[in-house]
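Observations on chain architecture
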Amino acid sequence: MKRVISVFILFLFSCICYAVETVKFDLYLFGDKIGTTTITREVSLDGSEVYLLDSKSKAKFLWITRENHTQYTVVYKAGKLISSKVLEVDNSEGKKWTNVIWDGAKYLVDSYKG
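Calculation notes
Residues numbered from 1 in each chain as written. Predicted model: local features only at pLDDT ≥ 70, side-chain atom pairs only at ≥ 80, totals over all residues. Heavy atoms only, no water. Pairing = 2+ DSSP bridges. Helix = DSSP H or I, 4+ residues; strand = E, 2+ residues; numbered from the N terminus. Polar contact = N/O pair within 3.5 Å; in protein donor to acceptor, adjacent residues only side chain to side chain. Buried < 20%, exposed > 50% of the residue type's maximum accessible area, 1.4 Å probe, protein only. Contact = heavy atoms within 4.5 Å. Phe/Tyr/Trp six-rings, centres within 6.5 Å; stacked < 30°, edge-to-face > 60°.

Here strand 1 (residues 19-29) runs beside strand 2 (residues 32-43); their pairing, made up of 11 bridges, is antiparallel. Looking at the pairing, alanine 19 lines up with valine 43 of strand 2. Between the end of strand 1 and the start of strand 2, which pair antiparallel, lie two residues, with phenylalanine 30 showing a positive phi angle near 55°.

Structure, rendered in structure tokens:
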């Protein structure tokens, strides 16, 4: 019985300390749905906060078709920016990305067309 209670308390504690919030938006152009944007916030056991923005859209206007997929991932710990990653793909070919990482003394930036 003690084992069951301790497992239940451990499960309850892990649920309290690890939280995930998600918000989803639909993207519209001229009244037509062209995509979705999902924003997620996770708080992990070590106190770090991870924010993820994932946006996908596809629109056709006259003879032009545009498709875009963008992902942003940001990590904060104790209120300080630890890392940030951005990836953007346009029309399945144009790719832009930027990575920012805190190494303890300065931010290291790696970027391509960003």
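On to the side chain of threonine 98, then. Mapped onto the elements, threonine 98 comes out in strand 6 (residues 94-102). One polar contact links threonine 98 to serine 111, side chain to side chain, over a distance of 3.1 Å.

Attention now goes to unusual backbone geometry. Despite not being glycine, leucine 62 shows a phi value in the positive range, around 55°. If you trace the backbone, leucine 62 turns up in the loop between strand 3 (48-61) and strand 4 (64-77). Backbone geometry at alanine 78 places phi at a positive 55°, although glycine is not the residue there. Tracing the backbone through its elements, the reader meets alanine 78 in the loop between strand 4 and strand 5 (80-90). For alanine 78, a relative accessible area of 73% translates into the label exposed.

All right, on to the environment of threonine 22 then. Looking at where threonine 22 falls in the secondary structure, it is placed in strand 1. A residue is classified by how much of its surface remains accessible, and threonine 22, at 51% relative accessible area, is exposed. Between the C-alpha atoms of threonine 22 and arginine 41, which are 19 residues apart in sequence, the distance is 6.5 Å. Residue contacts for threonine 22: discarding those within four places in its chain leaves Thr38, Ile39 and Thr40.

Here we take up the packing of aromatic side chains. The description of two aromatic rings rests on the distance between their centres and on the angle between their planes. For the structure shown, the criterion picks out four aromatic pairs. Pairing tyrosine 51 with tyrosine 76 gives two aromatic rings, centres 6.0 Å apart and planes at 85°, and the pair type is edge-to-face. A residue pair is termed long-range when its members are at least 10 positions apart, and tyrosine 51 in strand 3 and tyrosine 76 in strand 4 qualify at 25 residues. By relative accessible area, which is 31% here, tyrosine 76 ends up partly exposed.

Here threonine 37 is to be found in strand 2. The contacts of threonine 37, once residues within four sequence positions are left out, are Val23, Lys24, Phe25, Leu27, Leu53, Asp54 and Ser55.

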